[in-house]
Amino acid sequence: MRVVKPKKFLGQHFLKDLKVAQDIADTVDTCPELPVLEVGPGMGVLTQFLLRKQRPLKVVELDRDSVDYLHEAYPEMEDDIIENDFLRMDLHGLFNGNPFVLTGNYPYNISSQIFFKMLENKDIIPCCTGMVQKEVAERMASKEGCKAYGILSVLLQAWYKVEYLFTVPEHVFNPPPKVKSAVIRMTRNDTHVLGCDEKLFRQVVKTTFNQRRKTLRNSIKPILGKDSGTLTLDPIFDKRPEQLSVPQFVELTNMVEKALAGSSQPATE
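Here we summarise the structure given alongside this text. (Residues numbered from 1 in each chain as written. Predicted model: local features only at pLDDT ≥ 70, side-chain atom pairs only at ≥ 80, totals over all residues. Heavy atoms only, no water.)

### What to know about unusual backbone geometry
Thinking step 1. One non-glycine residue, Gln54, adopts positive backbone phi at about 55°.
Thinking step 2. Mapped onto the secondary structure, Gln54 falls in the loop between α2 (47-51) and β3 (57-61).
Thinking step 3. Phi is positive for Asn96, which is not a glycine, with a value near 55°.
Thinking step 4. Residue classification places Asn96 among the exposed residues on the basis of a relative accessible area of 74%. (Helix = DSSP H or I, 4+ residues; strand = E, 2+ residues; numbered from the N terminus. Buried < 20%, exposed > 50% of the residue type's maximum accessible area, 1.4 Å probe, protein only.)

### Some points on the packing of aromatic side chains
Each aromatic ring pair is summarised here by two numbers: the centre-to-centre distance and the angle between the ring planes.
Thinking step 1. Counting across every chain of the model gives four aromatic pairs.
Thinking step 2. When the centroid spacing of 5.4 Å and the interplanar angle of 80° are considered together, the rings of Tyr106 and Phe115 count as edge-to-face. Both residues of the pair, Tyr106 and Phe115, count as buried.
Thinking step 3. Joined through ring pairs, the aromatic side chains of Tyr149, Phe209 and Phe249 make up one cluster.
Thinking step 4. The ring of Trp159 has Lys122 lying over it, and the distance from NZ or CZ to the ring centre is 4.4 Å. (Phe/Tyr/Trp six-rings, centres within 6.5 Å; stacked < 30°, edge-to-face > 60°. Lys NZ or Arg CZ within 6 Å of the ring centre and 35° of its normal.)

### Some details on the state of the cysteines
Thinking step 1. Evaluation of the coordinates by the stated rule reveals zero disulfides.
Thinking step 2. Counting only cysteine sulfurs, Cys127 is the nearest neighbor of Cys128, a cysteine outside any disulfide, at a range of 7.2 Å. (Disulfide = S-S within 2.5 Å.)

### Let's talk about helix α7 (residues 198-209)
At 3.6 residues per turn, the α-helix brings residues three or four places apart onto the same side.
Thinking step 1. Taking 1.5 Å of rise per residue, twelve residues should cover 16 Å, and α7 covers 17 Å from first to last C-alpha, within 8% of that figure.
Thinking step 2. A side-chain oxygen of the first residue of α7 lies 3.1 Å from the backbone nitrogen of Lys199; this N-cap is Asp197. (Expected span 1.5 Å × (residues − 1). Polar contact = N/O pair within 3.5 Å; in protein donor to acceptor, adjacent residues only side chain to side chain.)

### Points about the nonpolar core
Thinking step 1. Ranked by internal contacts, the top residues of the largest apolar core, which has 58 residues, are Leu102, Phe115, Met140, Met186 and Phe201.
Thinking step 2. The element best represented in this core is helix α10 (residues 246-263), accounting for seven residues.
Thinking step 3. Once residues within four sequence positions are removed from consideration, Leu102 is found in contact with Leu37, Val39, Phe86, Ile114, Met118, Ile125, Cys127, Cys128 and Thr129. (Core = buried A, V, L, I, M, F, W, Y, C linked by side-chain atoms within 4.5 Å. Contact = heavy atoms within 4.5 Å.)

### Topic: the pattern of salt bridges
Thinking step 1. By the definition in use, this model includes 14 salt bridges.
Thinking step 2. Linking Asp23 and Lys19 is a salt bridge whose minimum nitrogen-to-oxygen distance equals 2.8 Å. With Asp23 and Lys19 both in helix α1 (residues 18-26), this residue pair falls four residues apart, about one helical turn.
Thinking step 3. Salt-bridge contacts for Lys180 lead to Glu170; the nearest nitrogen and oxygen are separated by 3.7 Å. Residue Lys180 is found in the loop between β8 (173-174) and β9 (181-188), and its partner Glu170 is found in the loop between β7 (160-168) and β8; the two are separated by ten residues along the sequence.
Thinking step 4. The exposure class of Lys180 is partly exposed, given its relative accessible area of 39%.
Thinking step 5. Owing to a relative accessible area of 24%, Glu170 belongs among the partly exposed residues under this scheme.
Thinking step 6. Among the charged side chains, a network of salt bridges with common partners joins Asp26, Asp29, Lys53 and Arg55. (Salt bridge = Lys/Arg side-chain N within 4 Å of Asp/Glu carboxyl O.)

Written out as structure tokens, the structure is:
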């Protein structure tokens, strides 16, 4: 069986340590009754352990060489190997609209996009696990007041409990990446309604963190414009975005929405 060579332009770093692969596969046991979707299986080092779970399993892979390898190595998955771009897929059609667990050794160059896609489909993804770049994992799990806390932290933690599980060294990959990796787990929290306009919430988070060294009084100006009235006199605007918890961002969003309604100035994404 021909070995697949990792492709740099796809961000491929194939995991070769079976113990690490087993440990990652076991993270899906948090939701033991649900089917599993693996993103970027490569040569199936994680897939083999997921198959042992005796649960419905589908894998999605963009790389043609990897798809051919998987068909040869796992013929029993004939109808469950999907050659497609995960970021462009309609996830509601995968398991007849039913919830599933998302997992994988995620390509580093699109990992954040994968999680934004997850957020768009949070109604059917109650649990997400897998491996990402260590720096990204730290951002995802970081709490307010920490240097790593940012856009990804707030948007994910609004809907999920994020756990940094363990660190993975460089030498267990082919080729070894220049950075360490980490395994994370995200499980849906009890939030069903955010309590503010979700589109504006995303805009407020992204806009303020894009100028994270400034106080909110200044970083919110691209949304409010120059005529912010007395709104920015509130003490919350003395803070910087990394000092705000998720509930405080919800509060801030509601304040911004009221100000925009008062000035009849439309919000833009």
